[in-house]
Every structure is written in C-alpha cells, then in structure tokens.
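In case you want the letters, here they are:
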Amino acid sequence: MCGIIGIIGKSTVSDRILDGLKRLEYRGYDSAGIATLVDGEIERRRAEGKLGNLVTKLAAHPLPGSIGIGHTRWATHGAPTEVNAHPHATPRVAVVHNGIIENFRELREELIAKGHKILSETDTEVIAHLVTDNIDGGMCPRDAALAALKRLHGAFALALIFTGEHDLMVGARKGSPLVLGYGEGEMYLGSDAIALAHLTNRITYLEEGDAVVLTRNSAEIFNVDGEPVSRPVTIVSVAGGLIDKGNYRHFMLKEIFEQPTVVAQTLGSYINPLLGRVELPELPFDLGAVDKVTIVACGTSYYAAMVAEYWFEQIARIDAQVDVASEFRYRDAVLKPGGLAIFISQSGETADTLAALRYARANGQHVVSVVNVPQSSMARESDVVLPIHAGPEIGVASTKAFTCQLAVLACLAIAAGVANGKISAEKSAELTQHLLDVPSRLAAVLNHDGAIEKLAYEIAKARDVIYLGRGGDYPIALEGALKLKEISYIHAEGYAAGEMKHGPIALIDEGVPIIVIAPSGPLFDKTTSNMQEVIARKGRVVLISDREGIMAQGAQAEATIELPKLHPLVTPIVYSVPVQLLAYHTAVHKGTDVDQPRNLAKSVTVE
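These numbers were taken from a predicted model, which means no experiment stands behind them.

## Looking at the overall build of the protein
When helices and strands are counted, the protein shows 21 helices and 27 strands. Counting only C-alpha atoms and orienting by the principal axes, one finds that the protein spans roughly 75 × 50 × 45 Å. Put simply, of all contacts in the protein between residues at least 6 apart along the chain, 71% involve residues at least 24 apart. If you sum the accessible surface of the protein, you get close to 22,200 Å²; carbon and sulfur atoms cover 50% of it. Across the protein, the 56 positively charged side chains and the 71 negatively charged ones have centroids separated by 1 Å.

## A word on the UniProt feature "domain: SIS" (unreviewed entry) in the protein
In the numbering used here, UniProt assigns the "domain: SIS" (unreviewed entry) feature to residues 283–422 and 455–597. As a span, residues 283–422 carries 40% helix and 20% strand, and end to end its C-alpha atoms are 19 Å apart. For residues 455–597, the helix share is 41%, the strand share is 20%, and the end-to-end C-alpha distance is 22 Å.

## Considering the environment of Glu186
Tracing the chain through its elements places Glu186 in the loop between strand E9 (179–182) and strand E10 (187–190). Other than its neighbours up to four places away in sequence, Glu186 contacts Ile8, Gly9, Lys10, Ser11, Arg16 and Arg216.

## Focus: the sheet that holds strand E1 (residues 3–8)
Taken in spatial order, the 8 strands line up as E3-E2-E4-E1-E10-E9-E11-E15 in an open sheet, and their pairing is antiparallel. Two strands in the sheet have a free side with no partner beyond their single neighbour: strand E3 (41–48) and strand E15 (234–235). Across the sheet, helix H1 (residues 14–23) touches E1, strand E2 (31–38), strand E4 (67–73) and E10, and the angle it forms with E1 is around 155 degrees. On the sheet, helix H2 (residues 51–60) packs against E2 and E3 and is oriented at approximately 135 degrees with respect to E3.

## Remarks on the packing of aromatic side chains
Working definition: an aromatic ring pair is given by the centre-to-centre distance plus the angle between the planes. As enumerated under the stated definition, the model contains 3 aromatic pairs in all. Pairing Phe328 with Tyr359 gives two aromatic rings, centres 5.5 Å apart and planes at 85 degrees, and the pair type is edge-to-face. Of this pair, Phe328 sits in helix H10 (residues 325–328) while Tyr359 sits in helix H11 (residues 351–362), placing them 31 residues apart in sequence. Each member of the pair, Phe328 as well as Tyr359, is classed as buried. The ring of Tyr489 has Arg598 sitting right over it, with the charged end atom 3.8 Å from the ring centre.

## With respect to the nonpolar core
Looking at soluble globular proteins, one finds that nonpolar side chains tend to be buried together. Among the nonpolar cores identified, the biggest contains 100 residues, and Trp311, Phe312, Ile342, Leu435 and Tyr467 are the most heavily contacted of them. Looking at this core element by element, the count peaks at 14 residues for helix H13 (residues 400–419). Residues in contact with Phe312, not counting those within four places in the same chain, are Val293, Ile295, Arg317, Ile318, Ala320, Ile342, Leu412, Ala413 and Ala416.

## Remarks on the pattern of salt bridges
Between side chains of opposite charge, a pair can form as their charged atoms come close. What the rule picks out here adds up to 29 salt bridges. A salt bridge links Asp133 to Lys114, with the shortest nitrogen-to-oxygen separation between them at 2.8 Å. Highlighted residues: Asp133 in helix H4 (residues 125–136) and Lys114 in the loop between helix H3 (104–113) and H4, separated in sequence by 19 residues. On the basis of relative accessibility, which here comes to 17%, the residue Asp133 falls in the buried class. The class of Lys114 is partly exposed, set by a relative accessible area of 49%. In the salt-bridge network here, residues are joined through shared partners; they are Glu110, Lys114, Asp133 and Arg151.

## So, empty space enclosed by the protein
By rolling a water-sized probe across the atoms, one finds the places where empty space is left. Inspection of every chain in the model, using the stated rule, returns 3 cavities of 30 Å³ or more. Counted as a void, the largest cavity has a volume near 160 Å³. Lining the largest cavity are 19 residues, and of these Pro177, Tyr205, Asn247, Tyr248 and Lys254 lie nearest its centre.

## Brief notes about the sheet that holds strand E24 (residues 491–496)
Spatially, E24-E23-E25-E26-E27 is the arrangement adopted by the 5 strands of the open sheet, whose pairing is parallel. At either end of the open sheet lies a strand with only one pairing partner, and these are E24 and strand E27 (559–563). Adjacent strand axes in the sheet meet at a mean angle of 15 degrees when their direction is disregarded. Across 3 bridges, the pairing between strand E23 (residues 464–469) and strand E25 (residues 513–517) is parallel. The residue of E25 that forms the bridge with Ile466 is Ile514. Sitting on the sheet, helix H16 (residues 449–459) touches E23, E25, strand E26 (540–546) and E27, and the angle it makes with E27 is about 145 degrees.

## Quick word on the environment of Leu455
For Leu455, the location among the structural elements is in helix H16. On the basis of relative accessible area, Leu455 is assigned to the buried category, the value being 13%. On a C-alpha basis, the gap between Leu455 and Thr586 in space is 8.6 Å, while along the polypeptide they are 131 residues apart. Residues contacting Leu455, with those up to four places away along its chain left out, are Val542, Ala559, Ile561 and Leu582.

## Description of the UniProt feature "active site" (unreviewed entry) in the protein
The positions UniProt marks with the feature "active site" (unreviewed entry) are Cys2 and Lys602. Topologically, Cys2 is positioned in the segment before E1.

## A closer look at the side chain of Ser576
One can find Ser576 in helix H21 (residues 576–590). A relative accessible area of 1% means that Ser576 is categorised as buried. Setting aside residues no more than four positions away along its own chain, Ser576 makes contact with Phe402, Thr403, Leu406 and Ile476.

## Overview of the layout of surface pockets
Empty space within the largest pocket amounts to approximately 570 Å³. A total of 4 residues in the lining of the largest pocket trace back to one element, the largest contributor, which is helix H5 (residues 141–149). Classifying every residue of the lining of the largest pocket gives 11 nonpolar, 6 polar and 6 charged.

## Here's the deal with the packing of H13 against helix H14 (residues 425–436)
For any two helices packed against each other, one specifies the inter-axial angle together with the distance between the axes. Across the interface, H13 lies against H14 with an axial gap of 11 Å and an inter-helix angle of 175 degrees. Classed by the angle they form, the pair H13 and H14 counts as roughly antiparallel. Where H13 approaches H14, its residues Ala410, Cys411, Ile414 and Val418 are matched on the opposing element by Ser428, Leu431, Thr432 and Leu435. Of the residues belonging to the contact of H13 with H14, the class tally is 6 nonpolar, 2 polar and no charged.

Parameters and conventions
Residues numbered from 1 in each chain as written. Predicted model: local features only at pLDDT ≥ 70, side-chain atom pairs only at ≥ 80, totals over all residues. Heavy atoms only, no water. Helix = DSSP H or I, 4+ residues; strand = E, 2+ residues; numbered from the N terminus. Contact = heavy atoms within 4.5 Å. Areas by Shrake-Rupley, 256 points an atom, 1.4 Å probe, with all protein chains shown as cover. Lys, Arg positive; Asp, Glu negative; His and termini not counted. Charge placed at Lys NZ, Arg CZ, Asp CG, Glu CD. UniProt positions renumbered as here; feature names shortened; annotations may be inferred. Pairing = 2+ DSSP bridges. Axes fitted to C-alpha atoms, helices over the stretch in contact; angles between N-to-C directions. Phe/Tyr/Trp six-rings, centres within 6.5 Å; stacked < 30°, edge-to-face > 60°. Buried < 20%, exposed > 50% of the residue type's maximum accessible area, 1.4 Å probe, protein only. Lys NZ or Arg CZ within 6 Å of the ring centre and 35° of its normal. Core = buried A, V, L, I, M, F, W, Y, C linked by side-chain atoms within 4.5 Å. Salt bridge = Lys/Arg side-chain N within 4 Å of Asp/Glu carboxyl O. 1 Å grid on protein atoms, 1.4 Å probe; cavity = no way out; pocket = protein on both sides within 12 Å on 5 of 7 lines; lining within 4 Å. Points joined across faces, edges and corners; volume = space filled by probe spheres on them. Nonpolar A, V, L, I, M, F, W, Y, C, P; charged D, E, K, R; others polar. Parallel < 35°, antiparallel > 145°, perpendicular 65-115°, else oblique.

Right under this line is the structure:
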C-alpha cells in the first residue's frame with residue numbers, strides 16, 4: 001500500500017511533502033523519494049529503505065521548488081532499490097504511483113521500440129514515458145497525461161508533474177484511493193486524508209475513474225468518461241496518528257474497497273512481470289524437494305489455508321494437509337523431518353498459531369509464516385517470512401488481509417510446482433498472468449456493491465443462512481458464513497455442496513436463504529444440481545456466478561450476483577468480495593457494530 005503526496009505551493013514544498021510521507025509510512029517503507037521543479041527542471045531525491053534514509057539525503061542535498069510529489073513504497077514490481085524507488089521520471093515528466101499497471105509489459109515494449117530508455121524494473125516508469133511520448137507527439141502536458149490514462153489497465157492512483165509547468169499537477173485514481181486537498185493559494189493530493197492533515201482539513205474524495213487537473217487555485221475533475229464533474233468538499237478532523245476512514249461509513253467497507261490496490265501490490269511483491277514468473281525471497285531449503293506441506297491457521301486465515309490445500313495439490317502435486325491451529329498440537333501430529341509447515345496469521349501474534357509453529361519447528365519442519373506484520377512474533381521465529389502487504393486492517397472482521405493471504409499462497413503454490421517440475425514454465429506464466437489480472441477483476445466486482453446492498457435487505461430478515469460451494473470455492477462458502485456470523489449475528493453455515501443431502505438439507509425451508517457460489521467450469525454442473533435439490537425444497541437461492549453460469553441456471557434462483565468469467569485458480573480470491581459485501585450490508589441493515597462486533601478482538605493472543 002504505497003503512499004502518495006503532492007503539493008502545488010507558494011514556497012518550498014519538500015519539507016511538507018516529507019512530513020506527509022512520515023504520516024504515510026505505515027503504507028510502506030521499502031524506499032521513498034521526492035521530486036520537485038527547480039528552475040523549471042525535474043530534480044529528485046530517492047533513497048532505499050526506511051524514510052530516515054531519505055531524510056538524511058535531503059539534509060545533505062536540500063531540494064527547493066514550490067511544486068512537488070513524494071512517495072513511500074511497498075516494493076511491488078522491482079526490488080526495493082534506489083533505481084526502482086519513486087518518483088520515476090523522464091526529462092519531461094515525473095510520476096508517483098500506487099497500485100499496478102497490468103498492461104505495462106506491452107506498453108514497455110512499445111515505448112522501447114520507439115527509442116525510450118527505461119531504466120527501472122517497475123511498472124510505474126512506463127507511465128512517465130507514455131506521457132512523454134504524447135508530449136513529444138505535440139500534445140500539451142495536461143492533454144498528454146489525460147490521454148495516457150486511457151491506455152492504462154489495472155488498479156492505480158497517481159500524481160504527475162511536468163518540466164516547465166510550475167502551476168500544473170495531474171492526478172487520477174482507478175481502484176485505488178486518492179484525495180484532493182484545498183489550501184489558500186495551494187492545492188494538494190494524497191493517498192488519504194492523513195497525508196494532508198498537516199496541510200488542510202478541506203478534502204475531496206475522488207471517485208472511481210476520476211482524473212484531476214490542479215493549479216494553485218483550481219481543481220478540474222473529470223469522470224471515467226472524461227466529462228467535467230464536481231465532487232463535494234468534506235471538512236475532516238484527522239488526528240495525526242490515526243488511520244482515516246475516508247468517505248466510507250466503516251473501516252470494513254474501506255478495507256473491502258482497498259482490495260484491488262493491496263492485492264495488486266501483494267502480487268507485485270512476488271511476481272516479476274517482465275519475466276512472467278513468481279520470484280520468492282531466497283529460501284534456506286530446497287522447495288523442489290518438499291513432498292509434504294502442513295498449513296496451520298485460525299479463523300479466516302484457516303479458510304485461506306483450505307484454499308491453499310487445493311492449490312498445492314492441484315498445481316504443485318504436493319501432499320498438503322490443513323489444520324486448525326487450536327487443535328494441531330493436541331492431536332500430536334506426526335511430522336516427517338524436512339517437511340514444509342506454513343503458518344498464516346494477519347497479526348502474526350495469534351497464540352494458537354504461534355504455539356503450533358513452535359511445535360512444527362521442534363519436529364524438524366521448514367517454517368514459513370504468511371503474515372501482515374513482518375516484525376511479529378511468528379515472523380521472528382520463522383525460517384522464511386512472506387509478508388502479505390495488506391497494510392493496517394482496522395475492522396475486526398478480516399477482508400483485505402484474507403485476499404492478500406490468498407494471493408501470497410497462490411504464488412507459493414506456483415513456485416513449488418515450478419521447483420519440483422510439476423508445471424512447465426509456460427503453464428507457470430499462464431497462471432501468473434491470471435493472478436496479475438485479479439486486481440482489475442476485483443475492481444469490477446466492487447461495481448456491484450449497490451445491487452448487493454439491496455439484496456442484503458432480504459438476508460437481514462433471516463434467522464439462518466446457508467452457503468454452498470465446491471472445490472476451492474467451498475472455503476469461500478465457509479468464509480462467507482463466518483463473515484455473516486461475525487458482524488450481523490445471524491446464524492450461518494457453510495457446506496460443501498455435495499454434503500447437503502447427507503444431513504443439512506433437513507434445514508431447508510422457505511425461510512432459509514442459500515448462497516450458492518458456483519462459477520462456470522468443471523464443478524458447475526455438480527454444484528447447481530445440489531442447488532436444484534435446495535430449490536425443490538423451497539429454499540431461497542442466491543446464485544453467485546458468471547454470465548455463463550447465470551444464463552444456464554440463474555432463472556430458477558431468487559436472485560443472482562454476476563461476476564466476471566475467471567480461471568479456476570483465481571475464483572476463490574475474486575468470489576471473496578461479494579460474500580464480504582453481503583455480510584457488511586446485512587450487518588449495516590441490522591444496526592450492529594460493524595468494525596468492532598461483540599465478543600471479538602482483532603488479534604487473539606490467548607489460547
């Protein structure tokens with residue numbers, strides 16, 4: 001979750017940009033940088049590592065200029081080196097960027113063929129060159145930037161400044177937040193209101209697809225169709241150390257909508273898009289020699305582990321076993337020395353999971369932790385740490401951490417399949433591309449929020465709800481049921497669809513909604529045959545599928561939620577979003593405390 005700040009000011013801006021970056025450091029600390037215009041030319045200061053390194057560099061080499069942009073980075077495309085740090089620039093344009101440009105390889109090849117020299121490994125640098133190419137072709141900087149935006153695919157927020165343009169900045173957002181701040185003869189851009197809290201309390205939250213053209217005294221906002229629009233100005237009160245909800249009613253909803261961005265950044269940390277392959281950090285063991293994987297977690301993380309079990313067996317053809325952490329030790333699990341044990345936890349402090357980790361280490365396992373807090377206890381006690389890069393998750397019911405966990409686990413399964421020779425380089429590249437497409441698919445699903453909110457009115461009336469799924473989507477049924485229980489306090493259960501006739505079908509009557517997760521594909525017919533058994537007993541079915549699935553079976557459902565057509569590898573990631581939204585809106589209708597549901601804590605540090 002990289003951080004962005006931009007200022008068009010009346011005096012030197014670098015100190016204030018640096019202050020904004022300090023407020024955004026929770027979003028990333030792999031590298032940082034600032035660019036300003038000095039005598040009309042772009043100058044930059046960038047540093048690898050934490051923000052203090054940039055502070056030291058600026059102290060030695062101050063950066064004047066009354067217009068500038070800054071960035072603090074989670075490493076995505078490219079290692080966390082100075083050459084990969086933002087801002088990226090050409091002699092004409094400098095840019096900072098949060099998110100992922102899915103089509104950057106095609107753009108990169110096109111620009112190189114035209115003679116552009118691209119120096120970094122990042123996707124961001126192509127934005128600067130694309131705008132530069134438009135300027136070289138005769139466009140003014142403003143039009144060059146707006147034209148370039150139309151060619152970018154993915155989820156992103158960005159800010160640009162231009163050589164010789166002391167009173168012009170362009171920003172845009174698509175699937176990633178960006179806010180506009182108003183000052184006295186100054187204007188600001190930031191990743192969130194926190195970044196601008198030291199500058200202004202007058203904020204406009206840009207909407208999906210918006211672009212903005214700033215001068216010191218004006219802001220022109222354009223919607224996704226290029227039409228001029230106005231957006232409301234909000235007066236905010238943001239304490240310096242708090243994380244801002246933005247214009248969302250709850251942190252949970254904000255975190256659901258952050259998923260295109262954070263999943264993009266997570267994938268960017270583990271995938272080399274130039275080579276189209278997964279690249280893990282250096283491992284102290286031979287991944288190709290692993291013949292048994294044990295995956296341990298609690299709660300929502302356990303359902304991520306269940307999905308990973310399918311992936312390891314189907315993709316890497318490795319024997320995989322999933323355990324609930326609170327039961328793992330007490331069954332005296334037999335672990336063959338040299339096996340791989342993966343532990344999943346948002347906080348990295350979950351007591352049961354940490355105890356299971358220590359048990360596995362004592363039994364000769366290679367220990368990998370998948371966590372959101374790289375400095376956590378689990379991370380410190382692991383052989384390898386795979387951070388999920390979700391950023392702070394404030395809502396107790398996990399959302400973005402879950403999808404980021406899935407993204408990391410999918411990368412690990414693909415890497416294992418390559419390492420042991422079970423999948424070819426071509427197959428690996430195909431699967432990797434499907435993963436890189438996920439952020440835009442997530443953004444597309446979020447466009448259904450209004451329809452899901454209407455559906456939640458009916459779900460809120462129920463006393464019991466059942467979720468059904470098969471294969472890798474079965475854990476998503478379990479996760480959907482858990483989310484509904486956690487925040488709406490409605491009793492809900494998730495079942496493997498084929499298990500309905502072995503007992504749970506007795507629960508079905510006209511008062512029980514059944515959420516069926518059934519993307520078209522190899523398991524669709526079997527899943528929907530179980531759906532028909534439910535409909536025959538007057539169950540009220542909500543079918544979540546793609547257009548093909550809904551055309552085939554949607555007519556008999558009470559309601560449908562249409563999602564994009566997806567490869568089976570990524571359906572668990574993308575289908576997580578509608579069940580999150582359904583639980584969220586149901587809870588809002590019932591008036592529960594969404595962000596802090598009763599009896600629950602964010603991090604469970606007792607057994």
